[in-house]
Amino acid sequence: MSPAPTDPAREAAASRSDGPDGPAREHGPLGPSPDGATSHRLAPGEPEAAVSAPEELTVPVPGGELTVLRWPAADSAGPAAPTVLAVHGITANALAWSEVARQLAGRATLVAPDLRGRAGSRAVAGPYGLARHADDLAVLTSALGLGRVRLVGHSMGAWVSALAAVRHPELVDSLVLVDGAVSFPLPPGVSEDDALAAVLGPALARLDMTFESRDAYRVFWRRHPAFAGEWRAALDEYTQRDLVGEEPELRSSCVPEAIHQDGREVLLDKDAATAIHRLPCQAELLWAERGLMDEPQGLYDSARIEHAGLDRDRVTVTAVPDTNHYTIIGGAAGAARIVRSLVAG
């Protein structure tokens, strides 16, 4: 779902400049989607993540226009307020960062693109791949006049962010990698398709599914074990943004070719795998205690991190207890830990 503006567009930020393929365009705060769907109101007593609606921009990139969401810093933060560029995971979208935006509370400007092949950027043509996403970040950084950014990436977005820092070091002030960017070789006899299915599970399965209504999609996600006790309005808006099509055949916005290409590179691309070992700036790796299905074994643990051989003078490593792969970004405690890293210094 790509929500359309309902209010007059705000004046363009003075720092924004034209991109190499034309000017960035600003569409104003997000509102109801074109099909009339609005945010789901949770039952009384359920947690509500109060966050102002982001502005929606489009930035020309090779192959189309990238949709970008921006939560501006508060006027009280002053001109020195940092800019955070946030990169979502493989089947996610820019609203994955809503809880982080809420907890930043205007202390920084948060800019988050829908990566090509997802949500508002699903029509942007290939080629896909992690290097292409990294270069897209450089294009939008230039087009929006962001200057040097505090770059944060979750899951696949962590690999993209590390690669962007290596390919475009002049754009990155610091780096936060959230439950991603550390690679390990595939076990003998395990194919890339089997590895993708094992790691992503239902996230891949839903790409082939259709849903008869928005409520049916909501039920699908609310049953996900990773979100038990963590469901809130921001998560609802994030998952609903993923829907395209019309009832009774709604489906995920994710382009399968993009997901499979990007997934293969997360598993096998040497440049992406080694990026965390070649960083030009200080970085922090935050890893979740539990996995994608809230299972006790997460993507990482202390032994795996130790085996990775990271340069601890360059990369600080912090476990985030009581989080899984999703709640480390979308849950209150996980987002709070990310915000601590982003506003430090």
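Residues numbered from 1 in each chain as written. Predicted model: local features only at pLDDT ≥ 70, side-chain atom pairs only at ≥ 80, totals over all residues. Heavy atoms only, no water.

A.B. asks: For this particular structure, what's the right way to read the pairing of strand β6 (residues 149-154)?
C.D. replies: One face of the sheet, then the other: side chains in a regular strand alternate in exactly this way. Of all six residues in β6, six are buried; the element is thus mostly enclosed. Neither face of β6 is exposed, since Val149, Leu151 and Gly153 on one face and Arg150, Val152 and His154 on the opposite face are all buried. Strand direction decides the pairing type here: strand β4 (residues 83-87) and β6, joined by four bridges, are parallel. When the sheet's bridge partners are listed, alanine 86 is paired in β6 with valine 152. Sheet topology note: the β6/strand β7 (residues 172-178) ladder contains six bridges and is parallel. In the sheet register, valine 149 faces β7, and the bridge partner there is valine 172. Assessed by its sense of winding, the connection that carries the chain from β6 through helix α3 (residues 156-167) to β7 is right-handed. (Buried < 20%, exposed > 50% of the residue type's maximum accessible area, 1.4 Å probe, protein only. Helix = DSSP H or I, 4+ residues; strand = E, 2+ residues; numbered from the N terminus. Pairing = 2+ DSSP bridges. Right-handed = clockwise from strand over helix to strand, strands pointing away.)

A.B. asks: Looking at this model, I keep getting lost on the nonpolar core. Mind explaining?
C.D. replies: Nonpolar side chains tend toward joint burial in soluble globular proteins. Core analysis: the biggest nonpolar cluster contains 55 residues, and Leu140 and Leu151 have the highest contact counts within it. For this core, the leading source of residues is α3, giving eight residues. When sequence neighbours within four positions are dropped, the list of residues in contact with leucine 140 reads Val59, Leu66, Val68, Leu85, Val111, Pro113 and Leu146. Counting 40 residues, the second-largest nonpolar core is a separate cluster that includes Ala92, Leu95, Phe211 and Leu243. (Core = buried A, V, L, I, M, F, W, Y, C linked by side-chain atoms within 4.5 Å. Contact = heavy atoms within 4.5 Å.)

A.B. asks: Whenever I open this one, the packing of helix α2 (residues 130-143) against helix α8 (residues 256-268) confuses me. Can you help?
C.D. replies: Two measures define how a pair of helices packs: the angle their axes make with one another and the distance between the axes. Where α2 contacts α8, the two axes come as close as 9 Å, and the packing angle between them is 100 degrees. Comparing their axes, α8 and α2 come out roughly perpendicular. Here α2 contributes Leu130, Ala131 and His133 to the contact with α8, which in turn contributes Asp262, Glu265 and Val266. When its residues are assigned to classes, the contact of α2 with α8 shows three nonpolar, one polar and two charged. (Axes fitted to C-alpha atoms, helices over the stretch in contact; angles between N-to-C directions. Parallel < 35°, antiparallel > 145°, perpendicular 65-115°, else oblique. Nonpolar A, V, L, I, M, F, W, Y, C, P; charged D, E, K, R; others polar.)

A.B. asks: Just checking my understanding: could you explain the pattern of salt bridges for this structure?
C.D. replies: Pairs may arise between side chains of opposite charge once their charged atoms sit close together. Evaluation of the coordinates by the stated rule reveals 17 salt bridges. For the salt bridge of aspartate 242 with arginine 206, the shortest nitrogen-to-oxygen distance reads 3.4 Å. Here arginine 206 lies in the loop between α5 (202-205) and α6 (214-222) and aspartate 242 lies in the loop between α7 (233-240) and β8 (243-244), a separation of 36 residues in the sequence. Arginine 206 shares its class with aspartate 242; the two are buried. With a closest N to O distance of 2.3 Å, aspartate 215 and arginine 218 form a salt bridge. Linking aspartate 215 with arginine 218, this pair stays in helix α6, spanning three residues, or about one helical turn. Relative accessible area serves as the criterion here: at 48%, aspartate 215 is assigned to the partly exposed category. (Salt bridge = Lys/Arg side-chain N within 4 Å of Asp/Glu carboxyl O.)

A.B. asks: Would you explain the side chain of threonine 91 in this entry?
C.D. replies: Locating threonine 91 in the fold gives a position in the loop between β4 and α1 (98-104). Apart from residues lying up to four places away in sequence, threonine 91 is in contact with Ala203, Arg206, Cys254 and Ile259.

A.B. asks: Please explain helix α12 (residues 332-343) as it appears in this structure.
C.D. replies: Working note: α-helix, 3.6 residues per turn, so residues spaced by three or four point in the same direction. Taking 1.5 Å per residue as the helical rise, α12 with its twelve residues ought to reach 16 Å, and the 16 Å between its terminal C-alpha atoms agrees with that figure. Buried within α12 are the following residues: Gly334, Ala335, Arg337, Ile338, Val339, Ser341 and Leu342. (Expected span 1.5 Å × (residues − 1).)

A.B. asks: Quick question: what am I supposed to make of the packing of aromatic side chains here?
C.D. replies: Within a pair of aromatic rings, the relevant descriptors are the distance that separates the centres and the angle that separates the planes. Scanning the model with the defined rule gives nine aromatic pairs in all. Ring centres of phenylalanine 211 and tyrosine 217 lie 4.7 Å apart, and the angle between their planes is 70 degrees; this geometry places the pair in the edge-to-face category. Given the relative accessible area of 6%, phenylalanine 211 is considered buried. The exposure class assigned to tyrosine 217 is buried, which follows from its relative accessible area of 0%. (Phe/Tyr/Trp six-rings, centres within 6.5 Å; stacked < 30°, edge-to-face > 60°.)

A.B. asks: What should I look at first to understand α2 in this one?
C.D. replies: For α2, with 14 residues, the first-to-last C-alpha span of 20 Å sits near the 20 Å given by 1.5 Å per residue. Among the 14 residues in α2, twelve count as buried, and that is most of the element. Trailing α2 by a residue or two, glycine 145 shows a phi angle of about 60 degrees, which is positive.

A.B. asks: Quick question: what am I supposed to make of the confidence of the model for the chain here?
C.D. replies: Any region with low pLDDT has predicted coordinates that should not be read closely. Chain-level pLDDT for the chain is 86 on average; 84% of the residues reach the 70-or-more range. Counted against residues more than four places away or in other chains, residues 28-49, with its pLDDT under 50, gives 58 contacts. (pLDDT = per-residue confidence, 0-100.)

A.B. asks: Teacher, can you tell me more about the side chain of serine 161 here?
C.D. replies: For serine 161, the position within the fold is in helix α3. Exposure remark for serine 161: the relative accessible area of 0% places this residue in the buried category. Apart from the residues within four sequence positions on either side, serine 161 is in contact with Val87, Leu151, Val152, Gly153, Leu175 and Leu177.

A.B. asks: In this structure, what is going on with the packing of α2 against α3? I would like to understand it.
C.D. replies: For the pair α2 and α3, the least separation of the axes is 8 Å and the interaxial angle reads 65 degrees. The chirality of how α2 crosses α3 is right-handed. Residues Leu130, Ala131, His133, Ala134, Asp135 and Leu137 of α2 form the contact with α3, whose participating residues are Met156, Trp159, Val160, Leu163, Ala164 and Arg167. (Left-handed = near helix turned anticlockwise from the far one by under 90°.)

A.B. asks: Would you mind showing me how to read unusual backbone geometry here?
C.D. replies: Cis geometry is adopted by the peptide bond preceding proline 127, which originates at glycine 126 and carries an omega value of 10 degrees. Tracing the chain through its elements places proline 127 in the loop between β5 (109-113) and α2. A cis amide bond, omega 10 degrees, links glutamate 247 with the succeeding residue proline 248. For proline 248, the position within the fold is in the loop between β8 and β9 (251-252).

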